[in-house]
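Examination of the molecular architecture
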Amino acid sequence: MRRRPKRSHNGGPPLDDYDGPPWGKGDAYIFLAWRAAHDKAWKAPSHAVMLMRLERAEQLGLTYEEYTLEILERGRQLSEEDAERINEIRRARRRRRISHFE
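Keep in mind that this is a model prediction, so the values were computed, not measured.

This paragraph deals with the confidence of the model for the protein. Predicted confidence across the protein gives a mean pLDDT of 82, with 75% of residues reaching 70 or more. When pLDDT is averaged over each element of the protein, helix α2 (residues 47-60) comes out on top at 94 and helix α4 (residues 83-99) at the bottom at 80.

Right, here's the structure in full:
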């Protein structure tokens, strides 16, 4: 007889016991291409660039990750004139924070 899962369990298989490939049942080439692109995009920049981004992010009221992600996604750096986009990022941050506790 199967044991009932714990109350917080989603009923899925245990992740620790998975013996298959990391890409699951999908195409390995696509998985590896996306992983390489992710690693290349998030490669640590030089120390000077990192400090510049951190300073700029703090001036705008964003985290380093939010500011860097905006550069990677949109291909441009934010400034004070982008107040609408900055407020949108902040609202998304609040929604993420609240949704974890609901």
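Here the narrative resumes.
Along helix α3 (residues 64-74), the residues classified as buried are Tyr64, Glu66, Tyr67, Thr68, Glu70 and Ile71. Just downstream of α3, Gly75 is the residue with a positive phi angle, here 80°.

Let us look at the pattern of salt bridges. All told, the structure shown has six salt bridges when counted by the stated rule. Close ionic contact of Arg93 with Glu66 constitutes a salt bridge, the shortest N to O distance being 2.8 Å. In this pair, Arg93 is assigned in helix α4 and Glu66 in helix α3, connecting sequence segments 27 residues apart. One network of salt bridges, with partners in common, ties together Glu70, Arg74, Arg85 and Glu88.

Together, Tyr29, Ile30 and Trp34 make up a nonpolar patch on the protein surface, roughly 440 Å² of accessible area in all. Along the polypeptide, Ile30 turns up in helix α1 (residues 28-41). Its relative accessible area of 45% is what places Ile30 among the partly exposed residues.

Take the nonpolar core next. Core analysis: the largest hydrophobic core is formed by eight residues, namely Ala57, Leu60, Leu62, Tyr67, Ile71, Leu78, Ile86 and Ile89. Listed by contribution, the elements that provide at least two residues to this core are α2, α3 and α4. Setting aside its immediate chain neighbours within four residues, Leu60 contacts Tyr67, Leu78, Ser79, Glu80, Ile86 and Arg90.

With respect to the element layout, Thr68 can be found in helix α3. Given a relative accessible area of 3%, Thr68 falls into the buried group. If we ignore the near neighbours within four places in the chain, the residues touching Thr68 are Trp42 and Arg53.

What counts, and where the lines are drawn
Residues numbered from 1 in each chain as written. Predicted model: local features only at pLDDT ≥ 70, side-chain atom pairs only at ≥ 80, totals over all residues. Heavy atoms only, no water. pLDDT = per-residue confidence, 0-100. Helix = DSSP H or I, 4+ residues; strand = E, 2+ residues; numbered from the N terminus. Buried < 20%, exposed > 50% of the residue type's maximum accessible area, 1.4 Å probe, protein only. Salt bridge = Lys/Arg side-chain N within 4 Å of Asp/Glu carboxyl O. Patch = residues over 30% accessible without salt bridge, like charges linked within 9 Å, V, L, I, M, F, W, Y side chains within 5 Å. Areas by Shrake-Rupley, 256 points an atom, 1.4 Å probe, with all protein chains shown as cover. Core = buried A, V, L, I, M, F, W, Y, C linked by side-chain atoms within 4.5 Å. Contact = heavy atoms within 4.5 Å.

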